Amino acid sequence: QVQVVESGGGLVQAGNSLRLACAASGATSTMYGMGWFRQTPANNREFIAAMRWTDGNPYYGDSVQGRFSISRDAAKNTVYLHLYSLKPEDTAVYYCAATRKWFSSLVRSPSYAYWGQGTQVTVSS
């Protein structure tokens, strides 16, 4: 089992930046990847970014490519999502997830078995 806990959400003005953190605990030595998704009431869960834990390779969703970045502190089993140039349409609940399913697709939510409670990001215009 892996537990993940997100932090860092909040209310920001459009154009500003925010950093989300996700700390993993438990069976972290067997993790294959960690990812970020977001969800609004109107939309399905959208893939934002992920990192393959074995080598740090990042993946990004098309809607945030170039504006968001993912990084990690492997020693702390923590992954960060850096949100730049925020827009009102980035308003959503952001979820962190982890997977121990090796060679699974890190851009697809069904690959992840372990999910956090989510953190709200609200961008005002």
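Every chain's residues receive numbers from 1 upward, in the order its sequence appears when written. Residues qualify for local features only when their pLDDT is at least 70, as the model is predicted, and side-chain atom pairs are given and counted only at 80 or more; totals for whole chains, interfaces and linings, by contrast, use all residues. With hydrogens and water set aside, each side-chain value is computed from the structure's full complement of heavy atoms.

### Some details on the pattern of salt bridges
Pairing is possible between side chains that carry opposite charge, provided their charged atoms lie close to one another.
Piece 1. For this document, the term salt bridge refers to a Lys or Arg side-chain nitrogen within 4 Å of an Asp or Glu carboxyl oxygen. Applying the stated criterion across every chain, the model contains 4 salt bridges.
Piece 2. Here Glu-46 makes a salt bridge to Arg-38, at a shortest N to O gap of 2.8 Å.
Piece 3. Classification of Arg-38 as buried rests on a relative accessible area of 7%.
Piece 4. When the shortest N-O distance is used, the salt bridge between Asp-90 and Arg-38 registers 2.9 Å. Taken together, the positions of Asp-90 in the loop between strand 8 (78-83) and strand 9 (92-99) and Arg-38 in strand 4 (residues 33-39) put the pair 52 residues apart, joining distant regions of the chain. Each residue gets one of three labels from its accessible area relative to the maximum for its type: buried under 20%, exposed over 50%, partly exposed in between, using a 1.4 Å probe on protein chains only. Only DSSP runs of H or I reaching four residues or more are called helices, and only runs of E reaching two or more are called strands; each is numbered from the N terminus.

### Some words on the nonpolar core
Piece 1. Take the buried residues of types Ala, Val, Leu, Ile, Met, Phe, Trp, Tyr and Cys, join any two whose side-chain atoms come within 4.5 Å, and each joined set is a nonpolar core. Counting 28 residues, the largest nonpolar core has Met-34, Trp-36, Leu-81 and Tyr-94 as its most contacted members.
Piece 2. At the level of secondary structure, the elements contributing two or more residues to this core comprise strand 1 (2-7), strand 3 (18-26), strand 4, strand 5 (46-52), strand 7 (68-73), strand 8, strand 9 and strand 11 (119-124).
Piece 3. For Met-34, the contacting residues outside a window of four places in its chain are Val-4, Cys-22, Ala-24, Ala-50, Met-51, Trp-53, Ile-70, Val-79, Cys-96, Ala-97, Ala-98 and Tyr-112.
Piece 4. Tyr-32, Ala-50, Ala-97 and Tyr-112 belong to the second-largest nonpolar core, a separate cluster that totals 7 residues. Pairs of residues are marked as contacts when any of their non-hydrogen atoms sit within 4.5 Å.

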